[in-house]
Amino acid sequence: MKTLIGTKSFYKKLIAVSLPIIVQQLITSSLQLVDNIMVGSLGDSAVGSVSAVNQLYFVVILVIFGALGGAGVYSAQYFGAKDFDKLKQTFRFKVIVGLLIALISFITLSLFGRFFISLFTDTLETINNGADYLKIIKWSVFPWAISVSISFTFREIGITKPLLKISIVAILINTLLNFLLIFGYLGFPELGIRGAGIATLISRFIEFGLFAVLLVKKGKVFNSSIRNMFKIDKFVLKAIIIMALPLMLNEILWSTGQTIFFEAYSTRGDQALAAASVTGAISQLVFVTFGGVSTGIAVMVGNTLGENKLKLAKENSKKLIFASMVFSAFMGVLLFVLSYFILGIYDISEAAKDIARFNIRVNAFIIPVLAFNVSMYFTLRAGGDTRSTFIMDSGYMWVIQVPAAILLSRFTGLPANILFLIIQLLELPKMIFAYSRYKRGNWIRNLHASNEHNAEVLIS
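Conventions we followed
- Residues numbered from 1 in each chain as written.
- Predicted model: local features only at pLDDT ≥ 70, side-chain atom pairs only at ≥ 80, totals over all residues.
- Heavy atoms only, no water.
- Helix = DSSP H or I, 4+ residues; strand = E, 2+ residues; numbered from the N terminus.
- Rg over C-alpha atoms; globule rule 2.2 N^0.38 Å.
- Contact = heavy atoms within 4.5 Å.
- Areas by Shrake-Rupley, 256 points an atom, 1.4 Å probe, with all protein chains shown as cover.
- Lys, Arg positive; Asp, Glu negative; His and termini not counted.
- Charge placed at Lys NZ, Arg CZ, Asp CG, Glu CD.
- Phe/Tyr/Trp six-rings, centres within 6.5 Å; stacked < 30°, edge-to-face > 60°.
- Buried < 20%, exposed > 50% of the residue type's maximum accessible area, 1.4 Å probe, protein only.
- Lys NZ or Arg CZ within 6 Å of the ring centre and 35° of its normal.
- Axes fitted to C-alpha atoms, helices over the stretch in contact; angles between N-to-C directions.
- Parallel < 35°, antiparallel > 145°, perpendicular 65-115°, else oblique.
- Left-handed = near helix turned anticlockwise from the far one by under 90°.
- Nonpolar A, V, L, I, M, F, W, Y, C, P; charged D, E, K, R; others polar.
- Salt bridge = Lys/Arg side-chain N within 4 Å of Asp/Glu carboxyl O.
- Core = buried A, V, L, I, M, F, W, Y, C linked by side-chain atoms within 4.5 Å.
- Patch = residues over 30% accessible without salt bridge, like charges linked within 9 Å, V, L, I, M, F, W, Y side chains within 5 Å.
- Polar contact = N/O pair within 3.5 Å; in protein donor to acceptor, adjacent residues only side chain to side chain.

1. Some remarks on the overall build of the chain
Along the chain, the regular secondary structure elements total 16 helices and zero strands. Relative to the compact-globule value of 23 Å for 460 residues, the chain shows a C-alpha radius of gyration of 22 Å, a close match. Across its three principal axes, the chain shows a C-alpha extent of roughly 65 × 50 × 40 Å. Excluding contacts between residues fewer than 6 apart, the proportion of contacts in the chain whose partners are at least 24 apart in sequence is 84%. Counting only carbon and sulfur atoms, one obtains 69% of the accessible surface of the chain, whose full area is about 19,500 Å². Looking at charge distribution, the chain has the averaged site of its 41 positive side-chain charges lying 11 Å from that of its 24 negative ones.

As structure tokens, this is what we get:
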């Protein structure tokens, strides 16, 4: 048991790097919940249309996360090794690839967005509303791609407090504009769903501007001039690509798998679609734990591996995994309590509320399991064991969970809440597989030292 509990200084450092991210994501989730309520006041169809578009956007987000995550593994270790030149190169990679994926996504959504929305619903009103929302929201992917490149790098070097401040400003602006543009208060036009899209777009550009200022003021160790943006050493580029491709493929498969789950629930009608959206928005209030876990592991495992303190990195990983499960259990209790009254603030049908209430309680019980799996994923990723992360995450999902969702939604009459329960319970067997990959110890390695050796071989 002693190996699972850290010292006072351990938890002090963990709180310093993780708490700002948890608070940041809690504020984000809370205000997204407010946005969800505002759109929800327009009816089940409105919630369904925005949810369908957000599910498409979710795929784009995770693809970018995967591509940037490969560079992020090196960012954390290069910073730990104090190799700031290579740290700058990883940042350049993030910006270039982030914008490239944003461009591809923008073109794809422009050409096929309406078709994708129609996969979730056959209600014409929902499809039309979603298409109107998508026409606006798709432009936000460009400023967001740069913002997340900056934000991720700051996280990986342990600077998190300014990120919290920027998020608060951006989200407050988004919420205020939503209030004004959805309902037409204070002389603003009443734009409904289109107003929600405009509010999000404006807040994304403001967020980008604030991150650009932060980059200039506090990002000297990784900031890069535009003229040097494409200067990346071949061996660094090769190493990042080798790391990034499996992570990006994993995120593509994982996000599309989540989209299939969403589509499976939608086969039970707009009420189930609305319930899935509400479940996600409310559950995010406690799932903020995962953002803190990923940041804590990046700094306290990734940086330590970069310093070549391999034994300490392994010890820290055990303590972080245990801490995340304990904290998530408390958050699960909170979520269960919230399920009794929080749905009263939604103006959706009683049938949708009943489904959402059941789903939220399922998440309340399953969150420690999810926390364990997330901790395992980011620990393996911190040491560059992308093969294991791929197998345990998207590999497991597509072999077990996705086929289950397709078969149960197409060939049974099970209601939406039972579908949700079965899919979530399938997270349990993943724990065994994830732990087996962790025990192998393939992730316990100093990537910086390995790359230095590879570079010497190439030069010689």
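Back to the write-up after that little detour.
2. Quick look at the packing of aromatic side chains
Applying the stated criterion to the full structure yields 17 aromatic pairs. Here the aromatic rings of F115 and F116 are separated by 5.8 Å at their centres, their planes lie at 50°, and the arrangement is tilted. For F116, a relative accessible area of 24% corresponds to the partly exposed category. Considering the side-chain rings of F179 and Y185, the 4.6 Å spacing of their centres and the 20° angle between planes classify their relative orientation as stacked. By relative accessible area, F179 is classed as partly exposed at 37%. A relative accessible area of 41% places Y185 in the partly exposed class. Here the aromatic cluster, defined as three or more aromatic residues joined through ring pairs, consists of F91, F154 and F222. Against the face of F106 rests K138, its NZ or CZ located 5.2 Å from the ring centre.

3. A word on the packing of helix α11 (residues 310–338) against helix α12 (residues 350–382)
One way to put it is that α11 packs onto α12 with a least axis distance of 8 Å and a crossing angle of 165°. The orientation of α11 relative to α12 falls into the category roughly antiparallel. In the crossing of α11 with α12, the sense of the turn from one axis to the other is right-handed. Contacts between α11 and α12 involve S317, I321, S324, M325, S328, A329, M331, G332, L335 and F336 on the former and, on the latter, I360, R361, N363, A364, F365, I367, P368, A371, F372, S375, M376 and T379. A breakdown of the residues in the contact of α11 with α12 according to their chemical character gives 14 nonpolar, seven polar and one charged.

4. Considerations on the pattern of salt bridges
The tally for this structure, following the rule as stated, stands at nine salt bridges. With a closest N to O distance of 3.7 Å, E350 and K353 form a salt bridge. Highlighted residues: E350 and K353, both in helix α12, separated by three residues, approximately one helical turn. We note a salt bridge from K430 to D393, for which the minimum N-O separation is 3.9 Å.

5. Points about the nonpolar core
Membership of the largest hydrophobic core comes to 130 residues, with the highest contact counts inside it found for I64, I282, V301 and L343. Setting aside anything within four residues of it in sequence, one finds I64 in contact with G98, I101, V141, W144, A145 and V148.

6. Some words on a positive patch on the surface
Taken together, the side chains of K161, K165, K217 and K218 make up a positively charged region of the molecular surface. Elements represented by at least two residues in the positive patch include exactly α6 (161–183) and α7 (193–218). In this fold, K217 is placed in helix α7. You can call K217 exposed: its relative accessible area is 63%.

7. Comments concerning a nonpolar patch on the surface
On the surface, L103, I107, L111, F112, F115 and L119 cluster together into a nonpolar patch covering about 600 Å² of accessible area. For L111, the location among the structural elements is in helix α3 (residues 84–118). A relative accessible area of 62% places L111 in the exposed class.

8. Describing the side chain of S75
With respect to the helices and strands, the residue S75 is situated in helix α2 (residues 44–80). The class for S75 is buried, based on a relative accessible area of 0%. There is a polar contact of 2.9 Å between the side chain of S75 and the side chain of T90. Residues within four places of S75 in sequence aside, it is in contact with L87, T90, K94 and E156.

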